[in-house]
Structures are given as structure tokens and as C-alpha cells.
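An overview of the molecular structure
Here is what each chain is made of, one letter per residue.
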Amino acid sequence: MIIIGEKLNGSIPSVAKAISEKDADLIRERARMQAEAGATFLDVCASVEEDVEVETLKWMIDLVQEVTDTPICVDSPSAKSCVAAIPFCKRPGLINSVSLEGDKIDTIFPVIADTDWECVALLCDNDGIPDSVERRMKIFFGIMEKAKQYGIAPGRLHIDPLVVTLGTDQTALTVFADCCRRIKSEYPDIHITSGLSNISFGLPVRKNINQAFMVLAMNAGMDSAIVDPTNKNMIGMIYATNALLERDEYCLQYIDKFGNKAAEEVQPAPASPLDEKMQKVFKLTQDGKNKEIGQAVQEALDAGCDPTAILNDAMIGAMAVVGDNFKKEIIFVPQMLAAARAMKAGVDVLKPYLATGEAGSAGTIILGTVAGDLHDIGKNLVGMMFESAGFEVIDLGVDVPIQTFIDEVNAHKEASIVALSALLTTTMPSLRDTVAALLKQPFRNRVKIMVGGAPISQEFADEIGADAYTEDAASAAEQVPLRPASQAPEPSADHRAECGTPSAGTAGTVRRTGPASRAAAGAAGAPEGSGDPWAGPARPPRSG
């Protein structure tokens, strides 16, 4: 969402007073606060007589640029003033605005045509604001013809369909929203904006109307707005709506804005270029950069880092930090999922470089939600954390009958752990019955039973005879070693000297088995772990 900060407008009494009295501190402070709140542009509007407007705009713009590099939105009803103010700005910003009224568009478009400046375009003409969608769309197409004439790409335009006051026109939202949808269908890359506070004029508790309008307008395609970025309620509504409309991958923008912040991590100074490569892989894994991790892993390999060290010390070490931060509520579910996806992407690049035997699984885990329970989010998180720790996971899905668990354990002789999830109090008896049935099977001596889920406690786990209880996804993988010490691969002497020796007990590559490929996984014969899976060495420390 593009946020155009509205708090430096001379129509606001306090700003008008500051302009009149040349109160530079107020202008600077409002600029700083809006920039720190995350504004994309800072709207600067003098609202003074035209003969002093340009010099007033210069004074305001200079003050703003003393405290922030946030681009300026030059705002004036005079096209000549807008053009005159462009040289005052240190970097391209936004012009507010053009329309088909008078010669505004032919004054501004030629000046910004061969630049990176963007422009707000109002759907009005010499007859004012049209009262129908059809008339506004006619103006829109007229503006787009002008944009084409001057070579201005749609992505540089912020179209304002113009919202009228709800108190006098009940179609205020529906007309605006219909325009948004039609415009986006014609030009998907174009921006749609609004000075939305006009909709609530003359109504009580205006913020309720403004926030509701924001949500509904965003749903119709609006992706830019002139608002107060320091208004936490409105900004919260914007970020939440972006996430709900699938415009915020993994909700990371929402989390970044409102989640708890961890103390800034101080990275140790790299002792060598190889250490620097390893640190980069570690950081990209931790931050969930699945589109960048592959190249970083390849760069580390090309620099001479040992593949096993990259896996164990950089990627698995990063996942250990991710799990710890999740338990402390420093990060949240989407961030943990993103890190696991990055780990998978990195391992995909790494696999061909691991020697035979090094790609062995840390163990095989059979995972599922018990019969009668259709919840899978927690189970999926546990599965991803196990996979990131080097385990082969056979995910049976949700609502899994007891006999299916038994059959799968019998079919996968290499499996040493059965992880059961129950997310409802009503399915706790099903969990009890599943554990009881597993305890009676001949394979009991070779498998351990782990349980977890929102209503489950350590006391309940003990009561039903489970071997382990995990309170969250992050701690699940920590309850078992990444690999028995006897299976730890030995790096070459050269790589040991350059990149460090991986700790005994670290994992090999990650191999995944989903429901569609269980038979193939069984035929492949993953290497069998040795010894009690809860008696092995601890998770290795990170090195980078």
C-alpha cells in the first residue's frame, strides 16, 4: 500500500499557523514523524495565495528534506506551481495533481514525461466531478490518451476516482469502488488513490466511516491513499487488509509493522571470505529469503566451503535460531514457515554436492493429526521444522485412523518416531486411543511416540503413555538429535581447515516424503538411525 502522508497541508490550522509564523520546527517534526511511521511520500501543500505559493513550497520542501529522504508529493491546485516546485526536490516524487480541467495535464505531463516523477490524476473536468461511473470512466480514458501521447507509463499514475460525501450521496462508495474495478481491469499496473476523509464529512465519529471505506476501497483495487501515517488504527487497518487480500506474502509486512522486535543481531566480523559466504547463507535462511538462498549457497560452494558445513553450520544453525525466536515470540508462524522454505530451497542446490552417505536422512518420522481432527496448521509447522532439521517426514495428513498409523509404521521399517497431533479437546480421547494402540504393537521397541497440540499438556502426555510432549513446532525437532554421532560425515582436510569441522551429530541432506510419494520413499530405503533417537548428541552450534 502506498501511503501519502497528509499532515503537511496548509489547510490544517496548525500547519497554516506554522507557515504564517515561519515555524520551521513544526514542519520538520511533522515530516520526521510521518517518515518514521512509514510514509511512501510526504504531501506538501502550502494552501496560500498563488503569488507566494512557490516560495512557500520551497521553504516547506527544504525543511522536509533536512530530516528525511522520503520523496515529496508536490500538492497544489496550480499546475504552474507544481512545475515550479519540481527543481526543489532532491529526488523524483509525486505531483498532486492533473485532471481534464483546463490545461493542467498539458502543463504537467510534458515536464515529467522523461523523468521518474509520478502523478495523481483526478477523474474530473471543466464540469466538475461526474455523478456516474460512466462519465468518470470517460474522463479516465481521456487522461490515459494524454498519458500515451506523452509517453507516461500507467504504473506512474495514481488515479483518484474522487469520493463524495456519504451523508449527501449514499452511492459514494459504490460509485468509487465500481470505478476502481473497471480501471484495474483495463490497466492492472496503474495505481488508484484517494483523499478518503471526504467521505465522512458531516458525520459523527468520522474515523469509523473512514476506516470502513479504506477496507472496502482496497478490496475494490485501491492501492494508494492520502492519509495520516501516524494514525495507528488506520495504518493497522491497511496492513491487515493487505494481508487478507493476499497482497502481503506470508503476512511478513504485517508482522514487521506490528510484531515484537528482536534486539538487533550483531554479526561477527568475517575472518575470511569463506566465513562471509557462510554468514550470508545463515542470514538468508534465518530471514526466509527463499528466492535468494540458492545463489548464496552456490557462491559458498564455488568459494570452497564444505557442503556439509554449509548445511549443518549455516542452514541448520539458522533454523535453530529461528526456532528459539519463535518460542520467545520474537518471530511468528509466517516467518518460521518462510525460513523453512528457504532451507528447502538451499538444500535443493546443495544436494548434488554432498558425497554418497552424506545425504542420508537424520531419521524418519511418521506424522499425522488423529482421527476426528481436521486441523493441520500446527502439524504442518512441526513437519517443516523436522524436515529443516534433516528428517524424512511421512505426513499422513488429518483425520488419520488408528490403523493407518499402524500400517505406515509397519511399511516403513526405518521410522523411529510417530508424531501425533490433536488440536481439539474433543479429539483428546482419539489421541489417547491412538497412543494405546501403538503401544501394543510389535514395533513398539523401535519407535518413540511424540504428541502435541493446543489442548495437550505434559501431564496428559504422561498419562496416556507418550514418550515425548512438545508444546510448539520449534521445540519438536529439538527433542531428538539431528543425526546419531556414528553417521556424521567427515569433511575433507582442506575444507575442514577452511570452513571448520562440522560438529558430530549434525544432519545430512533433507529428504521429503509427502502422501503422494510414500511408496517410493519406502522403496528407496532411507538409512536407518542407530540407537535411541532421544539419546543422541545435542544440536550443533552455529559457526558463522
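Residues numbered from 1 in each chain as written. Predicted model: local features only at pLDDT ≥ 70, side-chain atom pairs only at ≥ 80, totals over all residues. Heavy atoms only, no water.

Running from N to C, helix α8 (residues 206-220) and helix α9 (residues 232-244) cross one another at 20°; their axes reach a closest spacing of 10 Å. Classed by the angle they form, the pair α8 and α9 counts as roughly parallel. In this structure, α8 meets α9 at a crossing whose hand is right-handed. The residues of α9 that touch α8, namely those facing N210, Q211, M214, V215 and M218, are N233, M234, M237, I238, T241 and N242. Within the contact of α8 with α9, the residues separate by chemical class into six nonpolar, five polar and no charged. (Axes fitted to C-alpha atoms, helices over the stretch in contact; angles between N-to-C directions. Helix = DSSP H or I, 4+ residues; strand = E, 2+ residues; numbered from the N terminus. Parallel < 35°, antiparallel > 145°, perpendicular 65-115°, else oblique. Left-handed = near helix turned anticlockwise from the far one by under 90°. Contact = heavy atoms within 4.5 Å. Nonpolar A, V, L, I, M, F, W, Y, C, P; charged D, E, K, R; others polar.)

Moving on to the sheet that holds strand β1 (residues 2-5). Overall, parallel pairing links the eight strands, which are arranged β7-β6-β5-β4-β3-β2-β1-β8 in an open sheet. In this open sheet, the two strands that pair with only one neighbour each are β7 (191-192) and β8 (224-227). Pairing of β1 with strand β2 (residues 41-45), which is carried by two bridges, proceeds in the parallel orientation. Paired with G5 across the strands is L42, a residue of β2. (Pairing = 2+ DSSP bridges.)

If you check α9, its first and last C-alpha atoms are 18 Å apart, about what 13 residues at 1.5 Å a residue would give, namely 18 Å. Burial in α9 covers these residues: M234, I235, G236, I238, T241 and N242. For α9, the secondary structure elements touched by its buried residues are β1, α8, β8 and α10 (252-258). Taking the backbone nitrogen of N233 as reference, a side-chain oxygen 3.1 Å away marks N231 as the first, capping residue of α9. (Expected span 1.5 Å × (residues − 1). Buried < 20%, exposed > 50% of the residue type's maximum accessible area, 1.4 Å probe, protein only. Polar contact = N/O pair within 3.5 Å; in protein donor to acceptor, adjacent residues only side chain to side chain.)

Turning our eyes to something else, we now look at the pattern of salt bridges. One pass over the structure, following the stated rule, counts 17 salt bridges. The closest approach of N and O atoms between R28 and D25, which form a salt bridge, is 2.9 Å. Taken together, the residues R28 and D25, both in helix α2 (residues 24-36) and three residues apart, mark about one turn of the helix. Of the residues examined, R28 reaches a relative accessible area of 23% and is grouped as partly exposed. (Salt bridge = Lys/Arg side-chain N within 4 Å of Asp/Glu carboxyl O.)

Okay, the environment of P130 next. Note on placement: P130 falls in the loop between β5 (118-125) and α6 (133-150). Spatially, the C-alpha atom of P130 lies 9.6 Å from that of P161, the residues being 31 residues apart in sequence. Once you skip the residues sitting within four places of it in the chain, P130 turns out to touch L123, C124, R135, R136 and I139.

Right, let's get into the sheet that holds strand β9 (residues 364-369). The strand order β10-β9-β11-β12-β13 describes an open sheet built from five strands, whose pairing is parallel. This sheet does not close on itself; its edge strands, each paired only once, are β10 (392-395) and β13 (468-470). On average, each strand axis in the sheet is tilted by 25° relative to the strand beside it, whichever way the strands run. For strand β11 (residues 415-421) and strand β12 (residues 448-452), the ladder comprises five bridges, and the chain directions are parallel. In the strand pairing of β12, V418 is matched with I449. Relative to the sheet, helix α15 (residues 377-388) contacts β9, β10, β11 and β12, its axis offset from that of β9 by approximately 170°.

A few words on a negative patch on the surface. On the surface, a cluster of negative charge is contributed by E49, E50, D51 and E55. Structurally, E55 is set in helix α3 (residues 50-67). (Patch = residues over 30% accessible without salt bridge, like charges linked within 9 Å, V, L, I, M, F, W, Y side chains within 5 Å. Areas by Shrake-Rupley, 256 points an atom, 1.4 Å probe, with all protein chains shown as cover. Lys, Arg positive; Asp, Glu negative; His and termini not counted. Charge placed at Lys NZ, Arg CZ, Asp CG, Glu CD.)

Before going further, it helps to spend a moment on the confidence of the model for the chain. Mean pLDDT over the chain stands at 84; residues scoring 70 or higher make up 83%. For residues 482-544, every residue scores under 50 in pLDDT, and the model assigns this stretch 151 contacts once sequence neighbours within four places are set aside. (pLDDT = per-residue confidence, 0-100.)

Extensive coverage of β12 is indicated by the burial of four of its five residues. For the handedness criterion, the β-α-β arrangement of β11, helix α17 (residues 428-439) and β12 is classed as right-handed. Relative to β13, β12 runs parallel, the two sharing three bridges. Each bridged residue has a counterpart across the sheet, and for M450 the counterpart in β13 is A468. (Right-handed = clockwise from strand over helix to strand, strands pointing away.)

The subject of this paragraph is unusual backbone geometry. Here the bond from N96 into S97 is cis, since omega is 25°, no more than 30 degrees from zero. Tracing the backbone through its elements, the reader meets S97 in strand β4 (residues 94-100). Residue E246 is not a glycine yet carries a positive backbone phi of 65°. Secondary-structure assignment places E246 in the loop between α9 and α10.

Time to look at the environment of V64. Here V64 shows up in helix α3. Placed 35 residues apart in sequence, V64 and E29 show a C-alpha to C-alpha distance of 8.6 Å. Residues contacting V64, with those up to four places away along its chain left out, are L8, I27, A31, L42, V44 and I72.

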